[in-house]
Amino acid sequence: MSEAKLESMGLYRNIDRVDADLAALGVGPDDPVRVDQLTSFDQFHYEGTAAVDDAALALGLGPASRVLDIGSGLGGPARYLADRTGCAVTALELQPELHEAGQRLTSRAGLVGQVVHLNGDILSGPPDGAGFDAIVSMLCFLHIADRTTLFASCAAALKPGGRIFIDDYMQLAPLQPDAATALAEIVHCPYLPDAATYAAHLTSAGFVDIEVVDKSDDWSAFVGARYDAFRDGRDGLVRRYGEPTVAELDTFYGTVAELFDGAGLGGARITARLS
Ligand SMILES: C[S@@+](CC[C@H](N)C(=O)[O-])C[C@H]1O[C@@H](n2cnc3c(N)ncnc32)[C@H](O)[C@@H]1O
């Protein structure tokens, strides 16, 4: 288990870089924003809004749906789901700085009535007034080792028959010690089940119809291309964010690309239904 705090992970530091990204689009710090102006930098998972479209389809979301987004980050997937499908989203985020930044972007996007932000830990149980139709969680559970408590909270959050859509890491092959250390220390992923173990955790929590789709090749290509584009645009990013921020992102993006490149780290898209 990593000793360093989650807040120290490169992706989660220097969150004011969002202002620099918006300024580059000609949007001032207090200006209204459209959801489509945010999506190039407010999606902290892989394959951008295409992955969120997949979630909306798999969960059958529409204007009557109540959705819990666990580990909502800057709120990108939550706003996009609300905007595209008309659903109501509760966006639960552990880190106060990300929670506050997400809440502010939602307000500027005019979605306050549809997306409610909560600052909290899913391991403390579901939000008050649970009974959600669906849960979406994109690249959050990789930070959580205690899958028993996690999936018990997920089950308690859902209505009977409610569905869950998860993008997460899984183990393809045992990692060498250096890779396991990088995964724990730099990516803050303390636990890496294989597909069968992942499904067994969900079964124990009362989930059925569990499907695990192997996303490893797609995500390996995505994180490799992301790192290439980052390095190609490095000089411009230094001008936009400053060298210290870019150096931290470089370490993070580079480590993730290496881990997906044959080191034993894989990706999984999991759907399931609460019995
Ligand atoms: C890689 S980010 C993804 C953010 C968002 N889902 C997205 O796709 O843009 C994972 C997020 O999960 C949050 N997180 C980690 N552990 C959590 C927990 N126990 N409860 C709630 N959020 C958590 C992190 O703080 C981080 O913002």
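Up top you'll find the structure we're talking about.
Residues numbered from 1 in each chain as written. Predicted model: local features only at pLDDT ≥ 70, side-chain atom pairs only at ≥ 80, totals over all residues. Heavy atoms only, no water.

Asker: What is the right way to read the sheet that holds strand S4 (residues 132-138) from this model?
Answerer: Strand pairing in a sheet is mediated by backbone hydrogen bonds. Such pairs are either parallel or antiparallel. Here we have 7 strands laid out as an open sheet, ordered S3-S2-S1-S4-S5-S7-S6, and mixed in their pairing. Here the strands that pair on one side only, and so sit at the sheet edges, are strand S3 (115-119) and strand S6 (207-214). If you compare each strand with its neighbour and ignore which way they point, the axes differ by 15° on average. Pairing of strand S1 (residues 66-70) with S4, which is carried by 3 bridges, proceeds in the parallel orientation. Among the inter-strand pairings, Val-67 is bridged to a residue of S4, identified as Ala-134. (Pairing = 2+ DSSP bridges. Helix = DSSP H or I, 4+ residues; strand = E, 2+ residues; numbered from the N terminus. Axes fitted to C-alpha atoms, helices over the stretch in contact; angles between N-to-C directions.)

Asker: Quick question: what am I supposed to make of the side chain of Ser-65 here?
Answerer: Note on placement: Ser-65 falls in the loop between helix H3 (48-59) and S1. Ser-65 sits in the buried class, given a relative accessible area of 11%. Filtering out sequence-adjacent residues up to four positions away, Ser-65 remains in contact with Gly-60, Cys-87, Ala-88 and Asp-133. (Buried < 20%, exposed > 50% of the residue type's maximum accessible area, 1.4 Å probe, protein only. Contact = heavy atoms within 4.5 Å.)

Asker: Got a minute to help me understand the environment of Asp-209 in this structure?
Answerer: Positionally, Asp-209 belongs in strand S6. A relative accessible area of 45% means that Asp-209 is categorised as partly exposed. When the C-alpha atoms of Asp-209 and Val-33 are compared, they prove to be 39 Å apart, with 176 residues separating the residues in sequence. Not counting residues within four places of it along the chain, the set of residues in contact with Asp-209 comprises Thr-271, Ala-272 and Arg-273. Polar side-chain contacts of Asp-209 include one of 2.9 Å to the side chain of Arg-273. (Polar contact = N/O pair within 3.5 Å; in protein donor to acceptor, adjacent residues only side chain to side chain.)

Asker: Sorry, what's going on with the pattern of salt bridges here?
Answerer: Between side chains of opposite charge, a pair can form when the charged atoms approach closely. Throughout the structure, instances matching the rule amount to 15 salt bridges. Note that Asp-168 and Arg-147 form a salt bridge whose closest N and O atoms lie 3.3 Å from each other. Within this pair, whereas Asp-168 is found in strand S5 (residues 158-171), its partner Arg-147 is found in helix H6 (residues 147-157), the two being separated by 21 residues in sequence. Here the two residues Asp-168 and Arg-147 agree in accessibility, since each one is buried. Salt bridges here are not isolated pairs; linked through shared partners, they connect Glu-47, Lys-215 and Asp-218. (Salt bridge = Lys/Arg side-chain N within 4 Å of Asp/Glu carboxyl O.)

Asker: I keep staring at unusual backbone geometry and nothing clicks. Help me out?
Answerer: Negative phi characterises most residues that are not glycine, and trans characterises most peptide bonds. Not every positive phi belongs to a glycine, and Asn-14 is a case in point at roughly 55°. Counting through the fold element by element, Asn-14 comes out in the segment before helix H1 (17-24). Residue Asn-14 is classed as partly exposed on the basis of its relative accessible area of 23%. Even without being a glycine, Glu-47 presents a positive backbone phi close to 70°.

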